[in-house]
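Residues per chain, in single letters:
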Amino acid sequence: MKHKTKITSLLLIILTMVLTAFSIKKAQVYQLVTEYKTNPIGIDVLKPRLSWQLNSDERNVIQTAYEIRVADSKVNLQEGKNLIWTSGKVESDQSVNVIYEGPKLQSMQRVYWQVRVWDNKNRASAWSTPAYWEMGILDKALWTASYIAMNDITTEKKSHPSQYFRTEFQTNKTIVSAKVQATSLGVYELYLNGKKVGNDLFTPGYTTYNKRLQYQTYDVTNMLKDNNAIGAIVGDGWYRGNIGWKGDYAFYGNQLALLVQLHINYADGSSETIVSNGDWKVSYGPILESDMYNGEKYDARLEMDGWNQNGFDDSNWKKVDILNHSKDILVAPQGPPVRATEEIKTKKLITTPKGELVLDLGQNIVGWARMKVKGPKGHKVTLKFAEVLDKDGNFYTKNLRAAEAKDSYILKGEGEEIFEPHFTSHGFRYIQVIDYPGNLNPDAIIGIVIHSDISPTGSFTTSDPMINQLQSNIQWGQRDNFLDIPTDCPQRDERAGWTGDAQVFSMTAAFNFDVATFYTKWLKDLALDQHDNGSVTNVVPDILTGGEGVSAKGGATGWADAAVIIPWTVYQSYGDKRVLKEQYASMKGWVDFMAQKSGEDYLWNDPKHWHWGDWLAYDADKPDYNGSVTEKDLIATAYAYYSTSLFSEIAKVLGRTEDIDKYAQQAKNIKKAFVQEYVTPNGRLVSHTQTAYAMALSFNLIPENLKEKSAEYFAQDVKKFGHLTTGFLGTPLLCTTLSKIGRDDLAFMLLNRKEFPSWLYPITMGATTIWERWDTQKPDGTIIEGMNSFNHYSYGAIGEWLYTHVGGLRIDPKNPGYKHIIFDPHPGGGLTAAKAEFISLYGKIKSDWEIKDGEFHYEVTIPANTTASVTLSGATSENIKLNSAKLKAEMQKNLKQTQQGVQLELGSGTYRFSYPQPAK
């Protein structure tokens, strides 16, 4: 018996090992997301899209079918009982943005879902770990709360004290779940029983407030007690505070308000809703001023201990007013919230020549400073913020213009105190500390980094430390300026959502971070602010229309084209057709506006219409210099062609047959007019500038028979100057177009240049973000006064070329969203290595090359359920090795020898190629 038992045990072990090995090889389903988010609550997308990833240790894994099931509880889901919806087995390789097609869900309904898949070897995966999503308030009638306000309406153009709201209530039953929905006119922080609800900042976020107001949903089940208190602080924010560089206050309204609704479900099946109403009370508190540009003034002596807890004596507080404000405009947030993501310690304590006490964080950031301080009651400490020191080493704030960028804290004198502002942010590297009591320990003040909580997706590194610093500057510039909207700059009295900056940087942005929902949210406001005639505003949300000057009217080419180009970027990067559908009318409106402006001759050359042109091109402001000045009507007509062509392509993607040919023909007419007006019979452009050639060649506006001659004019201009001469619109196209015409030598020359003007020049000056101007700071330390930002991401659009050309990781436009990937690296410029990585919706992609010991080594990673084309320049089928061995016969079948080298069609997996480095 013992012998038989041993044999049985051994067989069981062997069987387990076999089954385990088999299960490892099967595709596993993980990373379930709904509308790009993990387990979201409070969404209002009626048909959410579901995505998942496959994981397998095998190569060439493709999903061939999937099955989704949805239930009202995790138990029912896992047991397969009482399902709300099941897709059944669907023969499809789609694993991204699969639309929920079940019954309509109800307000605040939570559902659980999971998925299993079949692969191309006819193996079924196990069901995934359950995920969930929860709907927000879909029926506006369910908003029973009232907007409550303090009676402090004022027309004074100044910052006002923040307002404190509170109420108390009891819960005497066993609680199953509790969700709170909240929003405000202004910005709010919500508290329950003394603790802050959630970790979001500047809620409800920045939207076109008169048309769209977001509300947040939080799960507060574990925060409730028998006796409870809700508290909230509401500050001016973007709604009533200082906004724009014209000194506007109360742009959207002159009275703050709060809306709160807490829904509690009890174990006995009953429910209760606690709402903001006339029973709440309101008071001022220690926040004397809180302004987005100017900073916060906080008097700790006015703190009200326990104000947001049960039992607080609020007899001196006032009753709230009820404000009649629309609830029909309430929407669930689609973009990521703003959050604090990092803390940065002081790198150096400086006493400037003027005697100023200054902390250097070593990195230009956006956020604020957390300060620990101990001193006498009534003592005031002031923190001022700046991006740079002047040429003499003194604290420099002139480029902030009217923004004070200053926080003040008055001590209560009760031991160590900690101060962080609530409703302001600053763009800074340096902190001037004024009247700090005692000796300042640098660790007592820490920089807090804030931005929209976009997930990092891309990384790019090379063998050159300066180019790596450039990539760091690009990413920091994006983080700093993606603060609920894509701002142009984060420090001065502006911080507006300029459409041009967002447009030129959009693809680089999509490499660096997950921006699908960030752009989707912002584009909704772009469409709402768009004029009835289709003209797109210069900034979104629009704080310019109605102002003085032609520039306030919008409709500037290259800027307004964000309406078409950014949705296309989101589609290309994430395979997202819904954003194209939702923005279709907006795109069409803008393209039609351009057609109307161009008239019968298809040239947009109206001298009365304002365009920014190739903004801040090299030395374009010098009256005796025109080597970089590109005619605005040429740019306008070029963009009219480009956006019209894209719109025709978008119509094709969406099957809008009535628009495909119409706009394709319109684009042809524009191109014909462009060539007749701006291109000589010898291929020279009337604006003989780098921007003009880069734009015309990149947008495919040059006739085929003239491309070679135009390309030569372009190359000769770059060689003549030996540096770039481009501005906001030309720079993003510069290196890409040089590479397109086969002049990598010139593209790398521009990349590697360290003298002004160049991308690396600011790094030689210590820059840690991208500058607004090529010469924001002169070599002698002189700083250009007036409009001048040390943190302006537009010129960081070179990042797209770094990822796609140098790194060799490209989207296949015919298979968007990285369903099919193109790998095509281009060594050059003295680089011996480069690595581009990207976390796609399918998983991690890697393109990693190195030149070592006379060999070119190239490693690619292709996620499961995708395929790729890999180009190995200069290679032959005979000299390629895969994992140090010659290519096997089955791999040779997927190989094609081209003039450039070898092209391979590959399935998922990691591949390590090597071959002799081709001679230059």
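Look a little higher up for the structure.
The model shown is predicted, which means the values in this text are computed figures rather than measured ones. (Residues numbered from 1 in each chain as written. Predicted model: local features only at pLDDT ≥ 70, side-chain atom pairs only at ≥ 80, totals over all residues. Heavy atoms only, no water.)

### Looking at the overall build of the chain
Across its full length, the chain carries 18 helices and 49 strands. Once the C-alpha set of the chain is aligned to its principal axes, its extents read approximately 100 × 85 × 60 Å. For the chain, the residues scored as buried account for 60% of the 920 residues in total. Contacts spanning at least 24 positions in sequence make up 74% of the contacts within the chain whose residues lie at least 6 apart. With the model as given, the accessible surface of the chain reaches about 36,000 Å², and the carbon-plus-sulfur share is 49%. Each charge class in the chain was averaged separately, 99 positive and 105 negative side chains, and the resulting centres sit 6 Å apart. (Helix = DSSP H or I, 4+ residues; strand = E, 2+ residues; numbered from the N terminus. Buried < 20%, exposed > 50% of the residue type's maximum accessible area, 1.4 Å probe, protein only. Contact = heavy atoms within 4.5 Å. Areas by Shrake-Rupley, 256 points an atom, 1.4 Å probe, with all protein chains shown as cover. Lys, Arg positive; Asp, Glu negative; His and termini not counted. Charge placed at Lys NZ, Arg CZ, Asp CG, Glu CD.)

### Observations concerning the pairing of strand β12 (residues 175-185)
Consecutive residues of a regular strand have side chains that alternate between opposite faces of the sheet. Summarising burial for β12: nine of the 11 residues are buried, a large majority. The sheet contact formed by β12 and strand β16 (residues 216-219) spans four bridges and is antiparallel. Each residue of the ladder has a partner; that of A182, found in β16, is Q216. (Pairing = 2+ DSSP bridges.)

### What about the environment of I84?
By secondary structure assignment, the location of I84 is in strand β5 (residues 83-86). Taking the C-alpha atoms as reference, I84 lies 67 Å from T351; in sequence the two are 267 residues apart. With near-sequence residues (within four places) excluded, I84 lies in contact with V70, A71, D72, Y100, P103, Q109 and V111.

### Here's the deal with the sheet that holds strand β48 (residues 901-906)
Taken in spatial order, the five strands make up an open sheet running β39-β40-β44-β48-β47, and their pairing is mixed. Here the strands that pair on one side only, and so sit at the sheet edges, are β39 (809-811) and β47 (895-897). Direction aside, neighbouring strands of the sheet carry axes that sit 20 degrees apart on average. Two elements, strand β44 (residues 867-873) and β48, share six bridges in a ladder whose sense is antiparallel. When the bridges of β48 are listed, S873 appears paired with G901. (Axes fitted to C-alpha atoms, helices over the stretch in contact; angles between N-to-C directions.)

### Examining the side chain of H263
Within the secondary structure layout, H263 lies in strand β18 (residues 257-266). On the accessibility criterion, H263 (19% relative accessible area) is buried. Separated by 3.3 Å, the side chains of H263 and N265 make a polar contact. A distance of 3.0 Å separates a polar atom in the side chain of H263 from a polar atom in the side chain of T273. When sequence neighbours within four positions are dropped, the list of residues in contact with H263 reads M108, S177, A178, K179, S271, E272 and T273. (Polar contact = N/O pair within 3.5 Å; in protein donor to acceptor, adjacent residues only side chain to side chain.)

### Some details on a negative patch on the surface
A surface patch of like charges, here negative, comprises E600, D601, E631 and E677. If you trace the backbone, D601 turns up in the loop between α9 (584-598) and α10 (632-654). (Patch = residues over 30% accessible without salt bridge, like charges linked within 9 Å, V, L, I, M, F, W, Y side chains within 5 Å. Salt bridge = Lys/Arg side-chain N within 4 Å of Asp/Glu carboxyl O.)

### Quick look at the packing of helix α14 (residues 731-740) against helix α17 (residues 798-806)
Axis separation between α14 and α17 bottoms out at 7 Å; the angle between their running directions is 35 degrees. Along the contact surface, α14 presents C735, T736 and S739, while α17 presents I798, W801 and H805. Per-class residue counts for the contact of α14 with α17 are three nonpolar, three polar and no charged. (Nonpolar A, V, L, I, M, F, W, Y, C, P; charged D, E, K, R; others polar.)

### A few points about the nonpolar core
With 246 residues, the main nonpolar core has F202, L262, I431, L470, W759 and F913 as its most contacted residues. Here L470 is in contact with L751, W759, L760, I763, I770, I798 and L802, once residues within four sequence places are set aside. Core analysis: the second largest hydrophobic core is formed by 23 residues, V29, L54, W113 and A131 among them. (Core = buried A, V, L, I, M, F, W, Y, C linked by side-chain atoms within 4.5 Å.)

### Some remarks on the packing of α9 against α10
It is at 10 Å that the axes of α9 and α10 come closest, and there the two elements cross at 145 degrees. As for how α9 packs across α10, the hand of that crossing is left-handed. On the side of α9, the interface is formed by Y584, M587, K588, W590, V591 and M594, while α10 contributes Y639, A640, S643, T644, F647, I650, A651 and L654. Taken together, the residues of the contact of α9 with α10 sort by class into 11 nonpolar, two polar and one charged. (Left-handed = near helix turned anticlockwise from the far one by under 90°.)

### Notes on the packing of aromatic side chains
According to the stated counting rule, one finds 59 aromatic pairs in the structure shown. Relative to W238, the ring of Y206 has its centre 4.9 Å away and its plane inclined at 5 degrees; by these criteria the two rings are stacked. In this pair, Y206 sits in the loop between β14 (195-196) and β15 (213-214) while W238 sits in helix α3 (residues 237-240), placing the two residues 32 residues apart along the sequence. Like W238, Y206 is buried. Where W498 meets W612, the ring centres are 5.3 Å apart and the plane angle is 85 degrees; that geometry is what we call edge-to-face. Highlighted residues: W498 in the loop between β38 (485-486) and α5 (499-512) and W612 in the loop between α9 and α10, separated in sequence by 114 residues. Across this residue pair, the class does not change: W498 and W612 are buried. Its end group placed over the ring of W476, R479 keeps NZ or CZ at 4.2 Å from the ring centre. Stacked on the ring of W610, the Lys or Arg K632 has its end atom at 4.5 Å from the ring centre. (Phe/Tyr/Trp six-rings, centres within 6.5 Å; stacked < 30°, edge-to-face > 60°. Lys NZ or Arg CZ within 6 Å of the ring centre and 35° of its normal.)

### Quick look at the sheet that holds strand β7 (residues 98-99)
Read across the sheet, three strands follow the order β1-β3-β7 without closing on themselves; strand pairing throughout is antiparallel. Bordering the open sheet on either side are β1 (28-34) and β7, each of which pairs with just one other strand. By the bridge criterion, two bridges tie strand β3 (residues 49-55) to β7 in an arrangement that is antiparallel. When the sheet's bridge partners are listed, L50 is paired in β7 with V98.

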